[in-house]
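Chain by chain, the residues run as shown.
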Amino acid sequence: MTGMREDMSTKKIVQAKQTRSTDLTPLQKTYIPEIVKGLAVTIKSLFAPKFTRQYPEERMNPQASFRGRPVLVEEDGVERCVACGLCARVCPALAIEVQASETELEKERYPVKFEINMLRCIFCGFCEEACPEEAIVMSDEYELVFRKPENAIYGKDRLLMSTDRLKPRLEFLRKAR
Ligand code: SF4
Ligand code: SF4
């Protein structure tokens, strides 16, 4: 049985070798045509238009569909967030911390503390999808630089963004829903 298997595998190797030797012409065996073809592609690319962006001098202006860092929507100087905690609940990276407090209005709440740990955030946009108030959205900001880990925890002071600034994203969301 073992001898039969060895015979079959030897036969396969011989067949493979035979196919390869008959497929290639003597010129092809030198690989010169393929090398020339490869060089032609390289030379063509040298003169093709370049798409490299000279960042940071040339900044990218993202489309409304772009998912940059999540921010809290501020309308007429007031945050839309009602501190329901849904965004924190759905966040797969456990990046959001919300602490609710009562307002002067009956049955109204606001986030006395709202923090996003930007080292944890994976820009998935689940918080935006879950929010019933359209109070947290993905902005067009993509530049995040921290010198210390604690600087990556964004509080309301850095999260609140006006509806004017977020207009393209808010319009995009309304059309998409
Ligand atoms: S974008 Fe995703 S990871 Fe980032 S805070 Fe929202 S739900 Fe969490
Ligand atoms: S941002 Fe939206 S989902 Fe998150 S706590 Fe505020 S209202 Fe609720």
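About the thresholds
- Residues numbered from 1 in each chain as written.
- Chains lettered and ligands numbered in written order.
- Predicted model: local features only at pLDDT ≥ 70, side-chain atom pairs only at ≥ 80, totals over all residues.
- Core = buried A, V, L, I, M, F, W, Y, C linked by C-beta atoms within 7 Å.
- Buried ≥ 20, exposed ≤ 12 C-beta atoms within 10 Å, placed from the backbone.
- Helix = DSSP H or I, 4+ residues; strand = E, 2+ residues; numbered from the N terminus.
- Contact = placed C-beta atoms within 7 Å.
- Expected span 1.5 Å × (residues − 1).
- Near = placed C-beta within 6 Å.
- Nonpolar A, V, L, I, M, F, W, Y, C, P; charged D, E, K, R; others polar.
- Pairing = 2+ DSSP bridges.

**Regarding the nonpolar core**
Generally speaking, nonpolar side chains in soluble globular proteins are found buried as a group. Core analysis: the largest hydrophobic core is formed by 23 residues, its most contacted members being Leu72, Cys87, Ile96 and Ile136. Mapped by element, the contributors of at least two residues to this core are β1 (70–75), α4 (86–90), β3 (96–102), β4 (109–117) and β5 (136–138). Sequence-distant contacts of Cys87, that is, excluding residues within four places in its chain, are made with Ile96, Cys127, Ala130, Cys131 and Ile136.

**A word on helix α3 (residues 32–47)**
Relative to the 22 Å expected for 16 residues at 1.5 Å per residue, α3 spans 23 Å between its end C-alpha atoms, a close match to the ideal helical length. With respect to burial, α3 is a largely exposed element, only zero of its 16 residues being buried.

**Quick word on the environment of Gly77**
Position of Gly77 among the secondary structure elements: in the loop between β1 and β2 (78–79). On a C-alpha basis, the gap between Gly77 and Thr163 in space is 9.5 Å, while along the polypeptide they are 86 residues apart.

**Quick notes on the site of ligand 1**
Around ligand 1 there are 13 residues in total, and Cys91, Cys121, Cys124, Phe126 and Cys127 lie nearest to it. Taken together, the residues of the shell around ligand 1 sort by class into 12 nonpolar, one polar and no charged.

**As for the sheet that holds β4**
The strand order β3-β4-β6 describes an open sheet built from three strands, whose pairing is antiparallel. The open sheet terminates on both sides in strands that have one partner only, identified here as β3 and β6 (153–154). As paired elements, β4 and β6 share two bridges and run antiparallel to each other. Directly across from Ile116, in β6, lies its bridge partner Tyr154.

**With respect to the pairing of β1**
Counted residue by residue, β1 has five buried out of six residues, so it is predominantly covered. Pairing geometry for β1 and β5, over three bridges, is antiparallel. Across the sheet, Val71 pairs through a bridge with Val137, a residue of β5. As paired elements, β1 and strand β7 (residues 160–162) share three bridges and run parallel to each other. Bridged to Glu74 within β7 is Ser162. As paired elements, β1 and β2 share two bridges and run antiparallel to each other. Among the inter-strand pairings, Glu74 is bridged to a residue of β2, identified as Glu79. Count of turn residues in the β1/β2 antiparallel hairpin: two residues, of which Asp76 carries a positive phi of about 50°.

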